[in-house]
There are 2 protein chains.
Amino acid sequence: MTNYILKDESASYYECGFSCDSQIFIRLGNEAFYITDGRYTIEAKEALKDAEVIEADTNLLKSANSLLKDTKIKEILYDPKEWSVYEFEKLKDNLNIKFTPKENFLQIKRIIKTDKEIELLKKAVKLGADRFEQYAKRLTTLLDKDERYLYFEAYDILSTHGENQISFEPIIALDQNSAKPHAHPTSHRLKEDSFILFDAGVKYQRYCSDRTRCTSFNPNLNFEKKQYFKNKKKQKIYDIVLKAQEEAIKAIRPGIKAKEIDKIARDVIENAGYGKYFVHSTGHGVGLDIHEEPYISKTSETLIDENMIFTIEPGIYLEGEFGVRIEDMVRVTKDGVEVL
Amino acid sequence: MTNYILKDESASYYECGFSCDSQIFIRLGNEAFYITDGRYTIEAKEALKDAEVIEADTNLLKSANSLLKDTKIKEILYDPKEWSVYEFEKLKDNLNIKFTPKENFLQIKRIIKTDKEIELLKKAVKLGADRFEQYAKRLTTLLDKDERYLYFEAYDILSTHGENQISFEPIIALDQNSAKPHAHPTSHRLKEDSFILFDAGVKYQRYCSDRTRCTSFNPNLNFEKKQYFKNKKKQKIYDIVLKAQEEAIKAIRPGIKAKEIDKIARDVIENAGYGKYFVHSTGHGVGLDIHEEPYISKTSETLIDENMIFTIEPGIYLEGEFGVRIEDMVRVTKDGVEVL
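Calculation rules
Numbering of residues starts from 1 in each chain and follows the order in which that chain's sequence is written. Think of it this way: whatever chain is written first is A, whatever ligand is written first is 1, and the rest follow in order. Two thresholds apply to this predicted model, a pLDDT of at least 70 for residue-level local features and 80 or more for giving and counting side-chain atom pairs, whereas whole-chain, interface and lining totals are computed over all residues. Calculated side-chain values reflect all of the structure's heavy atoms, with hydrogen atoms and water omitted. Each helix is a run of DSSP H or I of at least 4 residues and each strand a run of E of at least 2, with the numbering of both proceeding from the N terminus. With the radius of gyration taken over C-alpha atoms, the globule rule is written as 2.2 Å times the number of residues to the power 0.38. Only protein chains enter the calculation, and the probe is 1.4 Å; a residue is then buried if its accessible area is under 20% of its type maximum, exposed if over 50%, and partly exposed in between. Any two residues whose heavy atoms approach within 4.5 Å are treated as being in contact. Exposure was quantified through the Shrake-Rupley algorithm and a 1.4 Å probe, taking into account, for residues, occlusion by the shown protein chains and nothing else. We treat two strands as partners when DSSP finds at least two bridges between them. Angles run from 0 to 180 degrees between N-to-C directions of axes, and those axes are lines fitted to C-alpha atoms, restricted for helices to the stretch in contact. The split into domains, and so the bounds of each, comes from an automatic or database assignment of domains. Buried area, as used here, totals the accessible surface that two parts lose on assembly, with accessibility defined by a 1.4 Å probe and the loss added over both. To estimate the expected span of a helix, count its residues, drop one, and scale the result by 1.5 Å. Residues below a pLDDT of 70 in either copy are left out; the C-alpha atoms of the rest, at least 70 in both, set the least-squares superposition of the copies. For this analysis, a salt bridge means a side-chain nitrogen from Lys or Arg found within 4 Å of a carboxyl oxygen belonging to Asp or Glu. Residues adjacent in sequence count toward polar contacts only when both atoms are side-chain atoms; beyond that, a polar contact is any pair of N or O atoms within 3.5 Å, and within protein one must be able to donate a hydrogen and the other to accept it. We call a crossover right-handed when, viewed with both strands directed away from the observer, the connection leading from the first strand over the helix to the second proceeds clockwise. Paired rings are identified among Phe, Tyr and Trp, the last through its six-membered ring, by centres lying within 6.5 Å, and are further divided according to the angle between planes into stacked (under 30 degrees), edge-to-face (over 60) and tilted (the rest).

**Overview of the overall build of chain A**
Within chain A, the secondary structure is distributed over nine helices and 18 strands. Taken against the 2.2 N^0.38 rule, which gives 20 Å for 340 residues, the C-alpha radius of gyration of chain A at 22 Å falls within 12% of a compact globule. When its C-alpha atoms are laid out on the principal axes, chain A stretches across 70 × 40 × 35 Å. Within the span of chain A, comprising 340 residues, buried residues form 59% of the whole. Within chain A, counting contacts between residues at least 6 apart in sequence, those at least 24 apart form 62% of the total. On chain A, roughly 14900 Å² of surface is accessible, and the fraction owed to carbon and sulfur atoms is 45%.

**Some points on the sheet that holds strand E7 (residues 171-174) of chain A**
Residues and elements named next belong to chain A. Overall, antiparallel pairing links the three strands, which are arranged E7-E8-E11 in an open sheet. In this open sheet, the two edge strands, each paired with only one partner strand, are E7 and strand E11 (211-216). Put simply, the sheet's adjacent strands are angled 10° from each other on average, direction ignored. Relative to strand E8 (residues 195-200), E7 runs antiparallel, the two sharing four bridges. Bridge pairing links Ile-171 to Asp-199 in E8. This element, helix H7 (residues 147-158), spans E7 and E8 of the sheet and lies at about 145° to E7.

**Side note on the environment of Phe-195 of chain A**
Considering the arrangement of structural elements, one finds Phe-195 of chain A in strand E8. Taking C-alpha positions, Phe-195 of chain A is 9.7 Å from Glu-321 of chain A, a pair spaced 126 residues apart along the chain.

**Thoughts on the sheet that holds strand E7 (residues 171-174) of chain B**
Residue and element names in this part refer to chain B. With antiparallel pairing, three strands are arranged side by side in an open sheet as E7-E8-E11. Edge positions in the sheet fall to E7 and strand E11 (211-216), since each of these pairs with one other strand and no more. For this sheet the average axis-to-axis angle between neighbouring strands, irrespective of direction, equals 10°. Here six bridges tie strand E8 (residues 195-200) to E11, and the two strands are oriented antiparallel to one another. Bridging across to E11, Ala-200 finds its partner in Arg-211. Contacting E7, E8 and E11, helix H6 (residues 115-139) runs over the sheet at an angle of about 20° to E11.

**Notes on the domain arrangement of chain A**
Residues and elements named next belong to chain A. Structurally, chain A comprises domain 1 (4-109) and domain 2 (115-339). Taking only C-alpha atoms into account, the centre of domain 1 sits 35 Å from that of domain 2. With nine residues of domain 1 at the interface, the matching set in domain 2 holds ten residues. Counting the surface lost from both domain 1 and domain 2, the interface buries some 760 Å², and carbon and sulfur atoms represent 46% of this.

**Observations regarding H6 of chain B**
Spanning 25 residues, H6 of chain B covers 36 Å between terminal C-alpha atoms, matching the ideal 36 Å at 1.5 Å per step. When H6 of chain B is considered as a whole, its buried residues turn out to be Glu-117, Ile-118, Leu-120, Leu-121, Ala-124, Val-125, Gly-128, Arg-131, Phe-132, Tyr-135, Ala-136 and Leu-139 of chain B.

**Some thoughts on the relation of the copies chain B and chain A**
Expressed as a screw transformation, the operator carrying chain B onto chain A has a rotation angle of 180° and an axial translation of 0.0 Å, and the superposed copies differ by an RMSD of 0.0 Å. On the angle and the small slide along the axis, the relation comes out as a two-fold axis. Closest approach to the rotation axis within chain B is made by the C-alpha atom of Ser-84 of chain B, at a distance of 1.9 Å. Here 100% of the interface residues in chain B have copies in chain A that are interface residues too; the copies meet face to matching face.

**Considering the interface of chain B and chain A**
Contacts between the two partners involve 33 residues from chain B and, on the opposite side, 33 residues from chain A. Together, the buried faces of chain B and chain A total about 3400 Å²; carbon and sulfur atoms form 66% of this surface. Of all residues in chain B, Arg-39, Phe-152 and His-161 of chain B bury the most surface against chain A, accounting for 20% of the area lost on that side. For the interface between chain B and chain A, the tally reads two salt bridges. Across the chain B-chain A interface, the total number found is nine residue pairs in polar contact (both at pLDDT 80 or more). If you list the elements that add at least two residues to the side of chain B that touches chain A, you get helix H2 (41-47), helix H4 (85-91) and helix H7 (147-158) of chain B. Examining the composition of the side of chain B that touches chain A, we find that seven residues originate from one element, H7 of chain B, more than from any other.

**So, the pattern of salt bridges**
Residues and elements named next belong to chain B. Counting across every chain of the model gives 56 salt bridges over all chains. For Lys-113, the salt bridge goes to Glu-292, with nearest N and O atoms at 2.5 Å. Here Lys-113, found in the loop between helix H5 (105-109) and H6, pairs with Glu-292, found in strand E13 (residues 292-296); they are 179 residues apart in sequence, far enough to count as distant. Both residues of the pair, Lys-113 and Glu-292, count as buried. The partner of Arg-325 in a salt bridge is Glu-313, with the nearest N and O atoms 3.8 Å apart. Of this pair, Arg-325 sits in strand E16 (residues 322-325) while Glu-313 sits in the loop between strand E14 (309-312) and strand E15 (315-318), and the two are twelve residues apart along the sequence. Just as Arg-325 is buried, Glu-313 falls in that class too.

**A word on the pairing of strand E3 (residues 31-36) of chain A**
All names here are of chain A. Burial of E3 is extensive: five of the six residues sit out of reach of the surface. Pairing geometry for strand E2 (residues 23-28) and E3, over six bridges, is antiparallel. Note that in E3 the partner of Gln-23 across the bridge is Thr-36. Counting the residues in the hairpin turn of E2 and E3 gives two residues, including Gly-29, whose phi is positive at 60°. Here E3 pairs with strand E4 (residues 52-55) via four bridges, running parallel. Of the residues in E4, the one forming a bridge with Tyr-34 is Val-53. On the question of chirality, the crossover connecting E3 to the parallel E4 by way of helix H2 (residues 41-47) is right-handed.

**With respect to the packing of aromatic side chains**
For the coordinates displayed, the defined rule picks out 30 aromatic pairs over all chains. Pairing Phe-152 of chain A with Tyr-155 of chain B gives two aromatic rings, centres 5.5 Å apart and planes at 25°, and the pair type is stacked. With Phe-152 of chain A in helix H7 and Tyr-155 of chain B in helix H7, this residue pair bridges two chains. For the pair Phe-152 of chain A and Tyr-155 of chain B, a shared accessibility class is recorded, and that class is buried. Measuring from centroid to centroid gives 5.3 Å for Phe-229 of chain A and Tyr-238 of chain A, while their planes differ by 55°, and the two rings are tilted. Owing to a relative accessible area of 9%, Phe-229 of chain A belongs among the buried residues under this scheme. By way of ring pairs, the aromatic residues Phe-132, Tyr-135, Phe-198 and Phe-223 of chain A are connected into one cluster.

**Details of unusual backbone geometry**
Of all residues except glycine, most have a negative phi; of all peptide bonds, most are trans. Residues and elements named next belong to chain A. The peptide bond linking Glu-293 to Pro-294 adopts the cis configuration, its omega dihedral lying at 0°. Along the chain, the position of Pro-294 falls in strand E13 (residues 292-296). The backbone of Asn-94 shows a phi angle near 65°, a positive value even though the residue is not glycine. Judged by its relative accessible area of 65%, Asn-94 is exposed. In this model, Asp-144 sits at a positive phi of 80°, which is unusual for a non-glycine residue. With respect to the helices, strands and loops of the structure, Asp-144 is situated in the loop between helix H6 (115-139) and H7.

In C-alpha cells, the structure reads:
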C-alpha cells in the first residue's frame, strides 16, 4: 500500500529528512504532506523539498482529517501504537476511509540498515566508545562526588559540552544502586572500590550508539570488557554475564530467530543459578531510535537477517548488593556477526 | 466513580507518590495496584505503602487485563489521550467492563493547587529566577561561543551541575534563531549586541518552573523585564509583547474564562499590527507537568478559579529577524492574581 500516515519523529526523519515534536506526515501515492504548527513552519519549509508543508490552523488532527476528506483514497496504513485513542477518533472522524493497522510498520521498514546507515551507526559507536574512555579517565578524578554530579560529568563528556546529541539519559549507578537496571542518579557517593555501572550512548547525525560497562573504582579504572574485581562474588557474577553475552553473540547469523538468541544468553545465566535475576530482554535494535526493531526477547519470532543492528546486553541484578550488565551493538553479516 | 486506570508519570506520582517510565496504576474503590516490570520493582516496593506492587510477568497490559478480569467491577474511567489504540485493545481484551473515556481527567484533578503544591511551585519559581540571574552573569563571559555551548552552560546552571532536575530542555536562541518559538541550539555564535531569548525552568521536588526573558548582549546584560535595545524595531516589538503580557495578567481573576485572557493578550498584539506573528497560545498550566490544565488558548472555555497556576507568555516572531516572548507564572488569588 502506498498510502500511510505517521507522526513519530524518527519515522518522519526517515521518510522526508525532517522532523519536529508537532507533526503529522501523510504519504498518498506520489504525494507527501507535512502538517505542523506555526512554531515549526519556518524550519520545515527550509528543510523539506519533496513534501508540501501545511501549517495547521487550529490543530494538526483537524488539518489531517480535512486533507484526507478532500482525497479520493479508500484505504490508509497506520501504526496503532502511534496514535492515542483520542487522536485516532479525531483523525478518522467522518471519513469514509479504511484505516488499516500495522504495528511498528515504520520500525520494520528500517530494520535492515542501508550502507549509509551502517556507516553512521559505526561512527556513532566509535564516538561513544571514545567517550567511555574519556569518562573512565574523568571518573578517576571524581572520588567522593555523588551520582548526580557523576551524571552531569557524563553528560558533559558524552555531548562534548553540548556540541552533539546523546542517545538517552546516561545511567551511572554505583554499588547497590546498580541493581536497579534503570537507576536514577542519587546522592550516593563514589568511594574507593565502589562498583560502577555505566550505560550510555551518543548520536552521530541522529543515529544512536548504546553501550554498557561495569568496573570498580581504582586510580587506573577502565571500561574494558575484561574486568578484575577484588570481591569474589562480583567477579563471579561479572564473568557469568560476560559469558552469556559472548555466547549469545557467537550464535548470531542470518536465519536464527531473535528468541533463540535470547535463550542462549538466558540459558547461561539460568545454568549458573541466576535466571530469576535476569529481568529484561537480551537486546533491542538501534538506529534512529535507541530502541527499535528487532527486539531480542523471549517471545520474538523475528528472523534475524544481514545488516540488522542490535544490542546484546544480558544482566544479573542482586537487590541490595550490585547489578552487572554488559552491552555492545552488533551488526549481522552475511554469515555471522560483527561487534561494533 | 472510584475506579480508574492510568499510566502517566505525573498522574501516578500525584496518586501514590511514586512513578517510573513503565507502569500502570489502577484504583478500584479503596484498593490500589501498581503494575511495573522487573527493572523497577525494587524502587516501587520501597516507595509504595498504600498500593500493591505487581511485577508484570510478560507485559504490563496483560497483567492489567488479568487483574481487571479477576474483579467484579462494571465500569472504569480512563483518559483516551493516555492510551494508544494498540494498548487500549490489549487492555480491554475480553473484559466485560465499560471503559468510560474522560479527556485529561487526571490533569483536571490537579488544576487547583493545594497549599503544599503552591509552596513547592513558589520554591521552584524562586530557584528558577535565581538561575536566570546566574545565567545572565555567565553569558557575559561567553562571547563568541555558539548556541550549543550556551545551551550546555544553561543546563549546568539550571541543574546545579546535575544536582536538581530541570523542567524541560532550555531554549537559548540568538538573533534570527529566536524567531523559531521552539528553536534548537545551532552553531550560531553570541556576538556583541546579539539578541538573546532564554526560556527555561527547574524542578523543585518534582514541581516545575517556567520563564522566558529576552535581552541583548552587552557586558552588563540582565534578564529583568524592562529591557533597552539599541535597535528601535526590537524595542518596539519588545514593548508590544510586554504590554500584551501585562494587560493579560491584569485581567486575571476567578470567574474569567481562559479564552478571554488569551484574547486580551492577542488584541494588544493585533492592534499593534502583529497579530499574525503571535503563533501560539497565551499560556498553560504548570505543576507536576510543565504543560497541564488550564490551557490559556483562543478556544478554551475553562473557568479560571483561585489557586490555578499557569503561564502568561505572548510572543511575536519575525522570520529571519528575531522573536520576542515574555513569560511568567501566575497564581490566581481570591480576587485577582499574583505573579510568581
